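# Observations on the model geometry
Listed here are the chains, written in short residue letters.
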Amino acid sequence: AQSVAQPEDQVNVAEGNPLTVKCTYSVSGNPYLFWYVQYPNRGLQFLLKYITGDNLVKGSYGFEAEFNKSQTSFHLKKPSALVSDSALYFCAVRDMGGIGGFKTIFGAGTRLFVKA
Amino acid sequence: EAGVTQFPSHSVIEKGQTVTLRCDPISGHDNLYWYRRVMGKEIKFLLHFVKESKQDESGMPNNRFLAERTGGTYSTLKVQPAELEDSGVYFCASSPLTGASEKLFFGSGTQLSVL
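Now for a look at the structure at hand. (Residues numbered from 1 in each chain as written. Chains lettered and ligands numbered in written order. Predicted model: local features only at pLDDT ≥ 70, side-chain atom pairs only at ≥ 80, totals over all residues. Heavy atoms only, no water.)

## Section: the overall build of chain A
- In terms of regular secondary structure, chain A is built from zero helices and 12 strands.
- Each helix (α) and strand (β) of chain A, taken in turn from the N terminus, gives the series β-β-β-β-β-β-β-β-β-β-β-β.
- Taking 13 Å as the expected radius of gyration for a compact globule of 116 residues, we find that chain A reaches 14 Å, a close match to that expectation.
- Dimensions along the principal axes, computed over C-alpha positions, put chain A at roughly 45 × 30 × 25 Å.
- Within the span of chain A, comprising 116 residues, buried residues form 46% of the whole.
- Sequence-distant contacts in chain A: of pairs separated by 6 or more residues, those separated by 24 or more amount to 54%.
- For chain A, the computed accessible surface area is about 5,500 Å², with 50% contributed by carbon and sulfur atoms.
- Distance from the positive charge centre (11 side chains) to the negative charge centre (8 side chains) of chain A: 4 Å. (Helix = DSSP H or I, 4+ residues; strand = E, 2+ residues; numbered from the N terminus. Rg over C-alpha atoms; globule rule 2.2 N^0.38 Å. Buried < 20%, exposed > 50% of the residue type's maximum accessible area, 1.4 Å probe, protein only. Contact = heavy atoms within 4.5 Å. Areas by Shrake-Rupley, 256 points an atom, 1.4 Å probe, with all protein chains shown as cover. Lys, Arg positive; Asp, Glu negative; His and termini not counted. Charge placed at Lys NZ, Arg CZ, Asp CG, Glu CD.)

Right under this line is the structure:
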(Lines give C-alpha, C1' and ligand atoms only; values in the text may rest on other atoms or scores of the structure.)
Protein backbone atom coordinates (compact mmCIF):
# COMPACT_ATOMS: atom_id res chain seq x y z
CA ALA A 1 0.00 0.00 0.00
CA GLN A 2 1.11 3.53 -0.69
CA SER A 3 2.10 5.69 2.27
CA VAL A 4 3.69 8.99 3.13
CA ALA A 5 5.66 9.96 6.22
CA GLN A 6 6.42 13.45 7.42
CA PRO A 7 8.82 12.91 10.33
CA GLU A 8 8.61 16.43 11.76
CA ASP A 9 5.47 17.79 13.40
CA GLN A 10 6.92 21.29 13.33
CA VAL A 11 9.78 23.14 11.67
CA ASN A 12 11.03 26.47 12.96
CA VAL A 13 13.18 28.75 10.84
CA ALA A 14 14.21 32.39 10.89
CA GLU A 15 13.08 34.67 8.10
CA GLY A 16 15.66 34.80 5.32
CA ASN A 17 17.10 31.40 6.15
CA PRO A 18 16.62 28.35 3.93
CA LEU A 19 13.92 25.89 4.92
CA THR A 20 13.39 22.18 4.39
CA VAL A 21 10.26 20.17 5.15
CA LYS A 22 10.90 16.46 4.95
CA CYS A 23 8.83 13.75 3.31
CA THR A 24 9.45 10.09 2.59
CA TYR A 25 7.15 7.79 0.68
CA SER A 26 6.45 4.16 -0.01
CA VAL A 27 4.89 3.16 -3.32
CA SER A 28 4.79 0.28 -5.72
CA GLY A 29 5.79 1.48 -9.13
CA ASN A 30 6.66 5.01 -10.17
CA PRO A 31 5.53 7.65 -7.68
CA TYR A 32 3.34 10.64 -8.42
CA LEU A 33 4.24 13.04 -5.59
CA PHE A 34 2.66 16.31 -4.47
CA TRP A 35 3.02 19.06 -1.91
CA TYR A 36 0.04 21.05 -0.66
CA VAL A 37 -0.11 23.97 1.77
CA GLN A 38 -2.92 24.95 4.13
CA TYR A 39 -3.23 28.47 5.50
CA PRO A 40 -5.52 29.13 8.49
CA ASN A 41 -9.23 28.71 7.74
CA ARG A 42 -8.50 27.78 4.14
CA GLY A 43 -8.52 24.59 2.12
CA LEU A 44 -5.37 22.89 0.92
CA GLN A 45 -3.66 24.54 -2.02
CA PHE A 46 -1.44 22.81 -4.55
CA LEU A 47 2.24 23.82 -4.44
CA LEU A 48 4.03 21.47 -6.81
CA LYS A 49 4.23 17.93 -8.13
CA TYR A 50 6.71 15.38 -9.43
CA ILE A 51 5.56 13.03 -12.12
CA THR A 52 8.67 12.33 -14.18
CA GLY A 53 11.76 14.07 -15.49
CA ASP A 54 14.03 16.48 -13.61
CA ASN A 55 14.46 15.54 -9.96
CA LEU A 56 14.20 19.18 -8.88
CA VAL A 57 10.71 20.56 -9.42
CA LYS A 58 9.72 24.17 -8.94
CA GLY A 59 6.37 25.33 -7.71
CA SER A 60 4.39 28.24 -6.38
CA TYR A 61 5.65 30.98 -4.02
CA GLY A 62 9.33 30.14 -4.67
CA PHE A 63 9.10 26.61 -3.31
CA GLU A 64 10.87 23.65 -4.86
CA ALA A 65 11.16 19.97 -4.05
CA GLU A 66 13.83 17.38 -4.70
CA PHE A 67 12.87 13.87 -5.69
CA ASN A 68 15.36 11.24 -4.53
CA LYS A 69 14.48 7.76 -5.70
CA SER A 70 17.19 5.92 -3.79
CA GLN A 71 16.16 7.52 -0.51
CA THR A 72 12.43 7.52 -1.40
CA SER A 73 12.25 11.14 -0.35
CA PHE A 74 10.57 14.25 -1.69
CA HIS A 75 11.70 17.11 0.56
CA LEU A 76 10.21 20.58 0.16
CA LYS A 77 12.67 23.47 0.11
CA LYS A 78 12.88 27.21 -0.18
CA PRO A 79 16.13 29.19 -0.32
CA SER A 80 14.88 32.12 1.77
CA ALA A 81 11.88 31.79 4.10
CA LEU A 82 9.26 34.49 4.58
CA VAL A 83 7.04 35.03 7.60
CA SER A 84 4.09 34.56 5.24
CA ASP A 85 5.27 30.99 4.54
CA SER A 86 4.10 30.00 8.01
CA ALA A 87 1.43 27.37 7.39
CA LEU A 88 0.70 23.63 7.45
CA TYR A 89 2.38 21.61 4.70
CA PHE A 90 1.22 18.22 3.45
CA CYS A 91 3.13 15.75 1.34
CA ALA A 92 1.06 13.38 -0.77
CA VAL A 93 1.38 10.45 -3.16
CA ARG A 94 -1.11 9.35 -5.78
CA ASP A 95 -2.24 5.75 -5.27
CA MET A 96 -2.17 4.18 -8.69
CA GLY A 97 -3.34 0.78 -7.49
CA GLY A 98 -6.97 1.57 -6.88
CA ILE A 99 -9.69 -0.08 -8.87
CA GLY A 100 -11.29 2.36 -11.22
CA GLY A 101 -9.72 5.52 -9.95
CA PHE A 102 -6.82 7.29 -8.32
CA LYS A 103 -6.89 8.49 -4.74
CA THR A 104 -4.29 10.69 -3.10
CA ILE A 105 -2.66 9.57 0.15
CA PHE A 106 -1.58 12.36 2.49
CA GLY A 107 0.92 12.62 5.30
CA ALA A 108 0.13 14.00 8.75
CA GLY A 109 1.38 17.45 7.89
CA THR A 110 4.26 19.60 9.12
CA ARG A 111 3.65 22.99 10.67
CA LEU A 112 6.16 25.58 9.54
CA PHE A 113 6.87 28.60 11.73
CA VAL A 114 8.95 31.38 10.22
CA LYS A 115 10.12 33.90 12.79
CA ALA A 116 10.81 37.51 11.85
CA GLU B 1 -14.38 30.93 -11.42
CA ALA B 2 -15.84 29.64 -8.17
CA GLY B 3 -13.75 27.20 -6.19
CA VAL B 4 -14.86 24.16 -4.24
CA THR B 5 -17.39 25.21 -1.63
CA GLN B 6 -18.40 23.33 1.48
CA PHE B 7 -21.30 23.91 3.83
CA PRO B 8 -21.50 24.32 6.75
CA SER B 9 -18.08 25.55 7.78
CA HIS B 10 -18.70 24.40 11.34
CA SER B 11 -21.16 22.00 12.91
CA VAL B 12 -21.58 21.12 16.57
CA ILE B 13 -23.94 18.24 17.31
CA GLU B 14 -24.62 15.79 20.08
CA LYS B 15 -23.82 12.13 19.94
CA GLY B 16 -26.63 10.26 18.24
CA GLN B 17 -27.75 13.14 16.07
CA THR B 18 -27.55 13.32 12.29
CA VAL B 19 -25.43 15.73 10.28
CA THR B 20 -25.26 16.30 6.55
CA LEU B 21 -22.27 17.95 4.93
CA ARG B 22 -22.42 19.38 1.45
CA CYS B 23 -19.77 19.92 -1.20
CA ASP B 24 -20.08 21.81 -4.47
CA PRO B 25 -17.11 21.00 -6.71
CA ILE B 26 -15.71 23.22 -9.41
CA SER B 27 -18.01 23.15 -12.41
CA GLY B 28 -16.92 20.50 -14.90
CA HIS B 29 -14.87 18.50 -12.42
CA ASP B 30 -15.99 14.90 -12.66
CA ASN B 31 -13.75 13.64 -9.84
CA LEU B 32 -14.97 14.40 -6.33
CA TYR B 33 -13.24 13.18 -3.17
CA TRP B 34 -14.09 13.27 0.52
CA TYR B 35 -11.33 13.31 3.11
CA ARG B 36 -11.23 13.66 6.90
CA ARG B 37 -8.55 14.95 9.21
CA VAL B 38 -8.66 14.17 12.90
CA MET B 39 -6.67 16.56 15.07
CA GLY B 40 -2.97 16.38 14.26
CA LYS B 41 -3.19 13.27 12.13
CA GLU B 42 -3.00 12.54 8.45
CA ILE B 43 -5.72 13.53 6.03
CA LYS B 44 -7.51 10.25 5.46
CA PHE B 45 -9.29 9.31 2.26
CA LEU B 46 -12.97 8.48 2.60
CA LEU B 47 -14.30 8.01 -0.91
CA HIS B 48 -14.09 8.98 -4.57
CA PHE B 49 -16.85 9.76 -7.03
CA VAL B 50 -16.50 9.92 -10.79
CA LYS B 51 -19.55 11.85 -11.87
CA GLU B 52 -22.39 10.21 -9.94
CA SER B 53 -20.70 6.83 -9.49
CA LYS B 54 -18.75 5.73 -6.43
CA GLN B 55 -15.36 4.60 -7.71
CA ASP B 56 -13.76 3.84 -4.38
CA GLU B 57 -15.39 3.94 -0.96
CA SER B 58 -12.73 1.90 0.79
CA GLY B 59 -12.05 4.68 3.30
CA MET B 60 -15.57 5.00 4.65
CA PRO B 61 -15.34 4.13 8.35
CA ASN B 62 -18.63 2.24 8.68
CA ASN B 63 -22.23 2.17 7.57
CA ARG B 64 -23.09 5.25 9.61
CA PHE B 65 -21.57 7.25 6.78
CA LEU B 66 -23.50 7.70 3.53
CA ALA B 67 -22.27 9.72 0.58
CA GLU B 68 -24.23 10.69 -2.48
CA ARG B 69 -23.60 12.73 -5.57
CA THR B 70 -26.85 13.58 -7.25
CA GLY B 71 -26.61 14.00 -11.00
CA GLY B 72 -22.85 14.17 -10.83
CA THR B 73 -22.88 17.68 -9.43
CA TYR B 74 -22.83 18.45 -5.71
CA SER B 75 -22.23 15.78 -3.09
CA THR B 76 -23.49 15.19 0.42
CA LEU B 77 -21.97 13.20 3.25
CA LYS B 78 -24.38 12.15 5.95
CA VAL B 79 -23.36 10.81 9.33
CA GLN B 80 -26.18 9.02 11.16
CA PRO B 81 -26.01 8.56 14.09
CA ALA B 82 -22.92 10.59 14.89
CA GLU B 83 -20.39 9.27 17.41
CA LEU B 84 -17.67 11.12 19.33
CA GLU B 85 -14.91 9.67 17.13
CA ASP B 86 -16.50 11.24 14.04
CA SER B 87 -15.22 14.66 15.10
CA GLY B 88 -12.70 16.22 12.76
CA VAL B 89 -12.40 18.35 9.66
CA TYR B 90 -14.07 16.97 6.57
CA PHE B 91 -12.56 18.13 3.30
CA CYS B 92 -13.96 17.86 -0.17
CA ALA B 93 -11.75 18.04 -3.25
CA SER B 94 -12.39 17.92 -6.97
CA SER B 95 -10.39 17.54 -10.15
CA PRO B 96 -11.02 17.14 -13.86
CA LEU B 97 -11.09 13.69 -15.37
CA THR B 98 -7.81 14.06 -17.25
CA GLY B 99 -5.45 11.68 -15.51
CA ALA B 100 -3.56 10.70 -12.40
CA SER B 101 -1.19 13.66 -12.52
CA GLU B 102 -3.97 16.17 -11.93
CA LYS B 103 -3.82 18.28 -8.80
CA LEU B 104 -6.74 18.45 -6.41
CA PHE B 105 -8.75 21.57 -5.64
CA PHE B 106 -9.91 21.65 -2.04
CA GLY B 107 -12.74 23.30 -0.20
CA SER B 108 -12.16 25.02 3.13
CA GLY B 109 -13.56 22.06 5.03
CA THR B 110 -16.32 21.45 7.57
CA GLN B 111 -15.23 21.32 11.20
CA LEU B 112 -17.47 18.72 12.85
CA SER B 113 -17.62 18.50 16.61
CA VAL B 114 -19.62 15.68 18.16
CA LEU B 115 -20.25 16.21 21.88
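## Some points on the interface of chain B and chain A
- Contacts between the two partners involve 22 residues from chain B and, on the opposite side, 24 residues from chain A.
- Applying the counting criterion to the chain B and chain A interface returns one salt bridge.
- Between A:Lys103 and B:Asp56 there is a salt bridge; the shortest N-O distance is 3.6 Å.
- The tally of links between chain B and chain A comes to five residue pairs in polar contact (both at pLDDT 80 or more). (Salt bridge = Lys/Arg side-chain N within 4 Å of Asp/Glu carboxyl O. Polar contact = N/O pair within 3.5 Å; in protein donor to acceptor, adjacent residues only side chain to side chain.)

Geometry only, nothing functional implied.
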